Amino acid sequence: MESGATSVLAEKAQPPLAKLAADAARLVPDIDAEEEPLYAARKKIYPQRVSGTFRRVKWAVLFITLGIYYLLPFVRWDRGPNAPHQAVLIDFPGRRFYFFFIEIWPQEVYYLTGLLIIAAMTLFLMNALAGRVWCGYLCPQTVWTDLFVTVERWFEGDRREHLRRDREPWTVERAARAVGKHSVWLLIAWWTGGAWVLYFADAPTLVKDLATFQAPFMAYAYIGLLTFTTYALAGWMREQVCVYMCPWPRIQAALTDEHALNVTYRYDRGEPRASVKKAAALHAHGEAAGDCIDCLQCVHVCPTGVDIRGGSNLGCIQCGLCIDACDAVMAKIGRPTRLIAYDTDANIKSRQQGRPSVYRPIRMRTLLYAVVIAVVGGVMTYTLATRRFDGIDVIHDRNPLFVHLSDGAVRNGYTIRVLNKTLSAESYVLSVSGLPDATIEVIGSEGSSGSNPIIYVGPDQSREMRVLVTTHEKLAPHASIPLTFGIAPAGGGAIANAADHFLGP
Ligand code: SF4
Ligand code: SF4
């Protein structure tokens, strides 16, 4: 037999052309070999029940997030008369979005942009600090799939039992279990769709209308649509959504770095794998054996069927359940836990070089994300706190630009629009400043306060009116004097302004 050293020498002795030909032959694919199909059929996953720290965190997150989703529409919030009393409400007919004490108007959709920027930056920040926290704990797909898998276990048993049942022929008992499981799945899916529509109308009233078939058709249509999507995505498609449909795993791959905490198999400690017995034998002969006993418990509990020991993987949603599974195994065989743990690539490299572990949460990218969140959040808070519930717009007449009256006075005409964004009617006092001796006349005003006209505007309405401003002052030729129109609530309050010009002959 040719020894390794001889073959290396023979390879070195090859002339360059012959070596190139040999390399090319190695690179040309074997046309007889079976081609890998582009489509991989789904392998059904039977996640095993597990308990531990991360499982408890996931239960807590599941109860809190689903509790908020299902119950929030029923939380009441007193906003006074003429306003809805639902804490969170997307009021399309009233063109308002209510979130507790915050009220957003249609012309303020830029808040939505701000919220989207904050949401994106928060995701990036979470990713830079602790990997796919969103995917593993908070994503609706993860939360509902977790719930559906739990229901499945009630009816089909844990992994082994379920596997056995699926291999057996259909019986009445198996069919009854399947019917029970799908019925509960559909019930959850239906209530998920039902809860969604309650965010768009007064929840108690809509529940009554839905029950008595008096609700609008669209409410039933949306409940049907969301029932179907929840049932399909959480019941049937599960990990396929994360692996094939969701763009976030691809985006996060580009955002992560070696200092981000991720669920990691500590291969520096785990390899080479060996059973407890084999490891004892290896140690007896002075050979190395890692802590991984290759029991596959980490794979069996994984909801996406990933073997984390193969390294970071698109399918790994970083739920931490394999940490719980491996910790239980390590505790049973008396070895230190956290063979699988939240760790960083930088730490593993560090340990391999005999240096201590270091975790660096404050890095350029985490600082950058935090600053963007703080700035956008700060600007949104400030504009929300200082925004006005009324407003005025002014447009100068285009023709004529001015009118010279017979008594020598000059008059300019304007169209003003007064906005009342409150949910009650309001009277405003109109004033003008910047022009000495100016008189204002509003066509169709509701009286006056001294020499200032009063304008009435209905709740959540705007009103357009003609305004004439006249002066007897002697104006310079072709004068263009800056004017400021102001409105103030008749009962007192701050003034909203709009600027324009008074033009002379
Ligand atoms: S490999 Fe571990 S962390 Fe990743 S999805 Fe599976 S169980 Fe969750
Ligand atoms: S659970 Fe732990 S010991 Fe078992 S195979 Fe996974 S990493 Fe190895």
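This section reports on the structure supplied with the text. Here the structure is a predicted model, which is why all the values come from computation and not from measurement. (Residues numbered from 1 in each chain as written. Chains lettered and ligands numbered in written order. Predicted model: local features only at pLDDT ≥ 70, side-chain atom pairs only at ≥ 80, totals over all residues. Heavy atoms only, no water.)

### Concerning the site of ligand 1
- Close to ligand 1 lie Val-263, Cys-302, Pro-303, Thr-304, Val-306, Ile-308, Cys-316, Ile-317, Gln-318, Cys-319, Gly-320 and Cys-322, which account for all nearby residues.
- Residue composition of the shell around ligand 1, by class: nine nonpolar, three polar and no charged. (Near = heavy atom within 4 Å. Nonpolar A, V, L, I, M, F, W, Y, C, P; charged D, E, K, R; others polar.)

### So, unusual backbone geometry
- Cis rather than trans, the peptide bond between Glu-271 and Pro-272 has omega equal to -5 degrees.
- In this structure, Pro-272 sits in the loop between α13 (267–270) and α14 (276–284).
- Going from Asn-399 to Pro-400, the amide bond is cis rather than trans, its omega being -5 degrees.
- Counting through the fold element by element, Pro-400 comes out in the loop between β6 (390–396) and β7 (403–404).
- Residues other than glycine seldom take positive phi values, yet Leu-296 does so here, at roughly 65 degrees.
- By the element assignment, Leu-296 lies in the loop between α14 and α15 (297–300).
- Although it is not a glycine, His-478 adopts a positive phi angle of roughly 55 degrees.
- The residue His-478 is located in the loop between β13 (461–471) and β14 (480–489) in this model. (Helix = DSSP H or I, 4+ residues; strand = E, 2+ residues; numbered from the N terminus.)

### Side note on the environment of Glu-271
- Along the chain, Glu-271 turns up in the loop between α13 and α14.
- Using a relative accessible area of 32% as the deciding quantity, one classes Glu-271 as partly exposed.
- The spatial distance from the C-alpha of Glu-271 to the C-alpha of Arg-309 is 9.7 Å, given a sequence separation of 38 residues.
- A polar contact is formed between the side chain of Glu-271 and the side chain of Arg-273, at a distance of 2.8 Å. (Buried < 20%, exposed > 50% of the residue type's maximum accessible area, 1.4 Å probe, protein only. Polar contact = N/O pair within 3.5 Å; in protein donor to acceptor, adjacent residues only side chain to side chain.)

### Overview of the site of ligand 2
- All residues in the neighbourhood of ligand 2 are listed as Tyr-265, Cys-292, Ile-293, Asp-294, Cys-295, Leu-296, Gln-297, Cys-298, Arg-309, Cys-326, Met-330 and Ile-340.
- Elements with a contribution of two residues or more to the shell around ligand 2: α15 and α16 (321–332).
- Residues belonging to the shell around ligand 2 are distributed by class as follows: nine nonpolar, one polar and two charged.

### Some words on the side chain of Asp-390
- Topologically, Asp-390 is positioned in strand β6.
- A polar contact of 2.7 Å, which involves the side chain of Asp-390, links it to the side chain of Arg-388.
- Aside from chain neighbours lying at most four places away, what touches Asp-390 is Leu-419, Tyr-428, Ile-487, Pro-489 and Ala-496. (Contact = heavy atoms within 4.5 Å.)

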